[in-house]
Amino acid sequence: MTRVLISGITGQDGSYLTEDLLSGGAEVHGIVRQSSLLQRTRLDHIPALAAARTDGRLKLHYADLSDSSSLQWLVRQVQPDFLYHLAGQSHIKISFDMPEYTADSTGLGTLRLLEAVRQGAPGCRFFLAATSEIFGQAEESPQNEKTPMAPVNPYAAAKVYALNLVRIYRRAHGLFACSGILFNHESPRRGENYVTRKIARAVARIARGLETTVHLGSLEPRRDWGYALDTVRGIQAIANAPAPDDYVLATGVAHSVRDFCELAFGVCELDYRSHVVLDPDYTRPVEIFETRGDASKAKRELGWQPDLTFEELVHLMVRSELDALDRGEENR
Ligand code: NAP
Ligand code: GDD
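Only a predicted model underlies this, so the values are computations on that prediction, with no experimental measurement involved.

Draft legend 1. Main features of the overall build of the chain. Counting its regular elements, the chain contains 12 helices and 13 strands. Its C-alpha radius of gyration of 19 Å places the chain within 12% of the 20 Å reference for a compact globule of 332 residues. C-alpha extents for the chain along the principal axes are approximately 55 × 50 × 40 Å. By the burial criterion, 53% of the 332 residues in the chain qualify as buried. Long-range contacts, defined as pairs at least 24 residues apart, comprise 80% of the intrachain contacts of the chain with a sequence gap of at least 6. If you sum the accessible surface of the chain, you get close to 14500 Å²; carbon and sulfur atoms cover 49% of it. Taken together, the 37 basic and 43 acidic charged side chains of the chain have centroids lying 4 Å from each other.

Right, here's the structure in full:
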């Protein structure tokens, strides 16, 4: 049975990846960190995951990206065939508020895990969730694996460091270390302080009369927004490729935050202009105006391409929020 270790298992991508791996018959181990509340809503409320925890195919272990000894011990104990490294502080605005923590978790956390693999399980395939943010405000569009890295925020700088480490460990130590240069990917499980989920949630609450407005930063930035489940399938294709390499995963199409608002409010026959309040609290010291990825290498070498369209994604996210409200539940 394939044994997989996931950092960031409680996050959006971690929960989808876990579901996929379990349905493919893998034994999954996840890193969770200590907190005062045992809220793991993306894991606990998904029946297949709850069942796998009962029958022992899904095991959670306490560790932290800041704690080398816990990571070293865990990698030695589990002896994973694959390590999907998805954890880290990933919110760009927060990375300006907490640059040191971001560098430590996202940057040094990757180093600690790579060392744990090199020393304790050198045959393990290591996957890093890198990001389109490494390109900054790129001079070329769309961006591909050869586009120069030019980060403009602390999170992106930490991911550049992490990606460079993956390349170094591949070359210097011969590890199967690979990465996905992931463009934005969203879903009903997206964190609530990312713009798509924030908008989808607000639309449902406004439609049900619970709120009247949503405060947003700029509506002009454009992002290459895909569906998290499509991305998670690409991540697995990268980790299972014949040789370790880095691949862009993207849709190739960019839309503005305004486009997202227009479509999302439109699902409930609302006009976003009556409900969106522009609020400088949600702008960033440096903004990237557009990201758009070229995933032709992943298509050519791995046969990967995204499935869900932008319109379908927006619809899915708003419907999911409405359904949760109508069931009297919080969406996860
Ligand atoms: P997410 O929902 O924010 O999940 C982040 C995960 O990291 C959570 O499980 C979190 O645990 C864990 N974590 C954070 N700090 C940790 C620490 N110090 N020690 C251990 N675990 C820690 O992120 P996501 O959207 O699934 O993204 C997954 C990865 O892909 C991230 O590395 C992100 O940077 C990268 N990425 C994402 C996108 C995107 O559009 N989603 C695009 C490009 C790259 P808690 O639940 O305890 O907080
Ligand atoms: N979060 C947020 N909240 N963003 C807002 C808001 C708001 O109220 N109003 C406007 N925006 C704009 C941001 O300024 C940005 O231009 C865009 O909406 C998307 O913001 P986020 O959803 O926070 O995502 P991101 O693009 O900054 O970063 C995400 O994608 C990266 C990949 O490109 C994160 O998942 C990163 O971890 C990831 O690497």
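Having seen the model, we can carry on.
Draft legend 2. Main features of the domain arrangement of the chain. Each domain of the chain was delimited in the assignment, giving domain 1 (3-185 + 225-249) and domain 2 (191-223 + 254-290 + 308-326). When each unit is reduced to the centre of its C-alpha atoms, the spacing between domain 1 and domain 2 is 27 Å. Every contact between the two is made by 17 residues of domain 1 and, on the other side, 24 residues of domain 2. Across the contact surface, domain 1 and domain 2 share zero salt bridges.

Draft legend 3. Summary view of the site of ligand 2. The full set close to ligand 2 counts 24 residues, and Ser90, Ser132, Tyr155, Arg284 and Glu287 are the nearest of them. Within the side chain of Thr131, an N or O atom sits 2.6 Å from an oxygen atom of ligand 2. If you list the elements that add at least two residues to the shell around ligand 2, you get helix H8 (195-207) and strand S8 (214-216). Its residues assigned to classes, the shell around ligand 2 comprises nine nonpolar, nine polar and six charged. Here the shell around ligand 2 spans two domains, since at least three of its residues come from each of domain 1 (3-185 + 225-249) and domain 2 (191-223 + 254-290 + 308-326).

Draft legend 4. Region of the structure containing the packing of aromatic side chains. For the structure shown, the criterion picks out six aromatic pairs. Between Tyr84 and Phe127, the ring centres sit 6.0 Å apart and the planes meet at 50°, which makes this aromatic pair tilted. On the criterion of sequence distance, the pair formed by Tyr84 in strand S4 (residues 82-85) and Phe127 in strand S5 (residues 125-131) is long-range, its members being 43 residues apart. The pair formed by Tyr84 and Phe127 is uniform in burial state, with each residue classed as buried. Grouping aromatic residues by their ring pairs yields a cluster made of Phe82, Tyr84 and Phe127. In this structure, Arg189 packs its charged tip against the face of Tyr16, placed 4.0 Å from the ring centre.

Draft legend 5. Molecular detail of the sheet that holds S4. Reading across the sheet, the seven strands line up as S3-S2-S1-S4-S5-S6-S11 and stay open at both edges, with parallel pairing between neighbours. Pairing within the sheet leaves two strands with one partner each, and these edge strands are strand S3 (58-62) and strand S11 (246-249). Looking at each pair of strands side by side, their axes are set apart by 20° on average, direction ignored. Two strands pair when backbone bridges link them, and S4 and S5 are joined in this way by four bridges, in the parallel orientation. The residue bridging Phe82 from the neighbouring strand is Arg125, located in S5.

Draft legend 6. Representation of the site of ligand 1. Lining the immediate environment of ligand 1, one finds 23 residues, of which Thr10, Asp13, Arg33, Ser90 and Tyr155 sit closest. Contact between ligand 1 and Arg33: an oxygen atom at 2.8 Å from a side-chain N or O atom of the residue. Isolated, ligand 1 exposes 910 Å² of accessible area, and the fraction of that covered by the protein chains is 86%. For the shell around ligand 1, the elements supplying multiple residues, two or more each, are helix H1 (12-23), S5 and helix H7 (154-173). In terms of residue count, S5 provides more of the shell around ligand 1 than any other element does, three residues in total. When grouped by side-chain class, the residues that make up the shell around ligand 1 number nine nonpolar, nine polar and five charged.

Draft legend 7. Just the side chain of His61, in detail. In this fold, His61 is placed in strand S3. With relative accessibility at 18%, the residue His61 sits in the buried group. What His61 contacts, discounting residues up to four positions off in sequence, is His29, Gly30, Ile31, Val32, Leu74 and Val78.

Draft legend 8. Focus on the environment of Arg190. Structurally, Arg190 can be placed in the loop between strand S7 (185-186) and H8. The sequence separation of Arg190 and Leu21 amounts to 169 residues, and the corresponding C-alpha distance is 19 Å. Engagement of the side chain of Arg190 in a polar contact is seen with the side chain of Glu186, the distance being 2.7 Å.

The rules behind each value
- Residues numbered from 1 in each chain as written.
- Chains lettered and ligands numbered in written order.
- Predicted model: local features only at pLDDT ≥ 70, side-chain atom pairs only at ≥ 80, totals over all residues.
- Heavy atoms only, no water.
- Helix = DSSP H or I, 4+ residues; strand = E, 2+ residues; numbered from the N terminus.
- Rg over C-alpha atoms; globule rule 2.2 N^0.38 Å.
- Buried < 20%, exposed > 50% of the residue type's maximum accessible area, 1.4 Å probe, protein only.
- Contact = heavy atoms within 4.5 Å.
- Areas by Shrake-Rupley, 256 points an atom, 1.4 Å probe, with all protein chains shown as cover.
- Lys, Arg positive; Asp, Glu negative; His and termini not counted.
- Charge placed at Lys NZ, Arg CZ, Asp CG, Glu CD.
- Domains from an automatic or database assignment.
- Salt bridge = Lys/Arg side-chain N within 4 Å of Asp/Glu carboxyl O.
- Near = heavy atom within 4 Å.
- Polar contact = N/O pair within 3.5 Å; in protein donor to acceptor, adjacent residues only side chain to side chain.
- Nonpolar A, V, L, I, M, F, W, Y, C, P; charged D, E, K, R; others polar.
- Phe/Tyr/Trp six-rings, centres within 6.5 Å; stacked < 30°, edge-to-face > 60°.
- Lys NZ or Arg CZ within 6 Å of the ring centre and 35° of its normal.
- Pairing = 2+ DSSP bridges.
- Axes fitted to C-alpha atoms, helices over the stretch in contact; angles between N-to-C directions.

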